[in-house]
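Structural overview for review
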Amino acid sequence: MVNQMTRLLEGKAALVTGGARGIGRGIAQVLLDRGARVVVASRTQSDLDEAVDVLSPHGEVSAYRADVSDPASVAELFDVAVERLGGLDVFVGSHGVYNATVPVLDLQKEQWDRTLAINLTGNFLCGQAAARRMVDHGRQGRIVFISSINGLTAEMNAADYNTSKGGLHLLTKTMALDLAEYGITVNAVAPGWIQSPMSQGYLSEDLLAGKERVNAQRRVGMPVDIGSAAAWLAQDDAGYVTGSTIVVDGGQMAEMFIPTG
């Protein structure tokens, strides 16, 4: 009975972009642990090779190299994933870039364009490709975008990143409306601080040890924390949840800043 309760995605076909490391790999691990068959995608082949080695003990996983900002690469990725998996039930968009060191007065158009191309346009391309294949195969699938609490509030020196995540939340809502007639749900997960290669340079030892308070739980989250939320949204029993953004941040967004003196 315990095994049946934990493997609620048994046999589901899932694709995770950005799945080679960090949050994406944590999501892939949870999906595998719950019984899904998973294809992970990334731009870097060495990361994909390592991910397959790490994830294989958890279930049936394979990898494919792709650039989510390139429509042709996205189309090829989804064609390969559908061929390998025999269809597509779950898509999780966990790819992204982040840089919170450039004030808006110094932000160059090249960085702005790159961030939006990957974080926002890349999710549009992948979400659309996923939905098309779900509709073509008559599957009432699940689309989950991994966003950020930066889409709900703003961080200094991160205009491009904040904007990309705010746009992703409205893309989530719009796709949820447009795809509801096909039985496809579309949701987003907005993480707070998570230990990952992307955040590594921003997390102090005191923060990681809980000596510096970043949220009510006094801890930095792990990739599997986001994986658990994404996996729940991918399950059949979350079918009435669509167009929503689920915040997973240890209580960071729930707390008002109070000056101490």
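All residue numbers refer to positions counted from 1 along the written sequence of the respective chain. In keeping with the model being predicted, local features are shown solely for residues with a pLDDT of at least 70 and side-chain atom pairs are shown and tallied solely at 80 or more, while totals for entire chains, interfaces and linings include all residues. Side-chain metrics rest on all non-hydrogen atoms present in the structure, leaving aside hydrogens and water.

**Brief notes about the overall build of the protein**
The criterion, for reference: Think of it this way: any DSSP run of H or I at least four residues long counts as a helix, any run of E at least two long counts as a strand, and we number them from the N terminus. We compute the radius of gyration from the C-alpha atoms alone; for a globule the expected value is 2.2 Å times N to the 0.38, where N is the number of residues. Per-residue accessibility, obtained with a 1.4 Å probe over protein chains only, is compared with the maximum for each type, and a residue is labelled buried under 20%, exposed over 50%, and partly exposed between these values. Contact between two residues is taken to exist if any of their heavy atoms lie within 4.5 Å; hydrogens are not considered. In short, Shrake-Rupley with a 1.4 Å probe defines the accessible areas, and a residue's cover is counted only from the protein chains shown. Under this rule, positive means Lys or Arg and negative means Asp or Glu; His and the chain ends count for nothing. The location of each charge is read from NZ of Lys, CZ of Arg, CG of Asp or CD of Glu.
The helix and strand tally for the protein stands at eight helices and seven strands. For 261 residues, the compact-globule estimate of 2.2 N^0.38 gives 18 Å, and the protein sits close to it at 18 Å. Its C-alpha atoms give the protein principal-axis dimensions of about 60 × 45 × 40 Å. Counting only residues that meet the buried cut, the protein has 48% of its 261 residues in that class. Of the contacts made within the protein by residues no fewer than 6 positions apart, 72% connect residues no fewer than 24 positions apart. Element-wise, carbon and sulfur atoms account for 53% of the exposed surface of the protein, whose accessible area totals about 12600 Å². Side chains of the protein give 21 positive and 29 negative charges; the mean places of these two sets differ by 3 Å.

**Some words on the packing of aromatic side chains**
The following threshold applies: Pairing of aromatic side chains requires ring centres within 6.5 Å, counting the rings of Phe and Tyr and the six-membered ring of Trp. Pairs whose planes differ by under 30 degrees are stacked, by over 60 edge-to-face, and all others tilted.
Going through the model one piece at a time under the given rule, you end up with two aromatic pairs. Seen in terms of ring centroids, phenylalanine 78 and phenylalanine 91 are 5.5 Å apart; in terms of plane orientation they differ by 55°. Their pairing is tilted. You can see phenylalanine 78 sitting in helix α4 (residues 71-85) and its partner phenylalanine 91 sitting in strand β4 (residues 90-93), a full 13 residues away along the chain. Phenylalanine 91 sits in the buried class, given a relative accessible area of 0%. For the pair tyrosine 98 and tyrosine 161, a centre-to-centre distance of 4.7 Å together with 70° between the ring planes defines the contact as edge-to-face. Pair noted here: tyrosine 98 is in the loop between β4 and α5 (109-136) and tyrosine 161 is in helix α6 (residues 159-179), with a separation of 63 residues, a long-range link. For tyrosine 98, a relative accessible area of 16% translates into the label buried. Among the residues examined, tyrosine 161 registers a relative accessible area of 8% and is labelled buried.

**Digging into the packing of helix α2 (residues 22-33) against helix α8 (residues 223-234)**
This is how it is decided: Lines are fitted to the C-alpha atoms to define the axes, a helix being fitted only along its stretch in contact, and any angle between axes, read from their N-to-C directions, falls within 0 to 180 degrees. For classification purposes, an angle smaller than 35 degrees is called roughly parallel, one larger than 145 roughly antiparallel, one from 65 to 115 roughly perpendicular, and anything else oblique. Crossing handedness follows the turn of the near helix against the far one: under a right angle anticlockwise gives a left-handed crossing, and clockwise gives a right-handed one. For this classification, the nonpolar set comprises Ala, Val, Leu, Ile, Met, Phe, Trp, Tyr, Cys and Pro, the charged set comprises Asp, Glu, Lys and Arg, and every other residue, Gly included, is treated as polar.
Across the interface, α2 lies against α8 with an axial gap of 7 Å and an inter-helix angle of 50°. Put simply, α2 runs oblique to α8. The way α2 lies across α8 gives a crossing that is right-handed. Between α2 and α8, the residues in contact are Gly22, Ile23, Gly26, Ile27, Gln29, Val30 and Leu31 and Pro223, Val224, Ile226, Gly227, Ser228, Ala230 and Ala231, respectively. For the contact of α2 with α8, a count of residues per class yields nine nonpolar, five polar and no charged.

**Description of α5**
Basically, it comes down to this: A helix's residues, less one, multiplied by 1.5 Å, set its expected span. Bend is the name given here to the angle between axes fitted to two runs of seven residues, the run ending at a residue and the run starting at it.
The terminal C-alpha atoms of α5, which comprises 28 residues, lie 38 Å apart, in line with the 40 Å expected from a rise of 1.5 Å per residue. The axis of α5 is deflected most strongly, by about 40°, at alanine 117. Residue glycine 138 follows α5 closely and has a positive phi angle near 65°.

**Observations regarding the nonpolar core**
Just so we agree on the cut-off: Buried Ala, Val, Leu, Ile, Met, Phe, Trp, Tyr and Cys residues form a nonpolar core when they are joined through side-chain atoms within 4.5 Å.
In this structure, Leu15, Phe78, Phe91, Ile143, Phe145 and Val186 are the most contacted members of the largest nonpolar core, which totals 34 residues. Secondary-structure elements contributing two or more residues to this core are β1 (13-17), β2 (37-42), α4, α5, β5 (142-146), α6 and β6 (185-191). Apart from the residues within four sequence positions on either side, phenylalanine 91 is in contact with Leu15, Thr17, Phe78, Cys126, Gly127, Ala130, Met134, Arg142, Ile143, Val144 and Phe145. Listed in part, the 30 residues of the second largest apolar core include Leu48, Val144, Ala230 and Val241.

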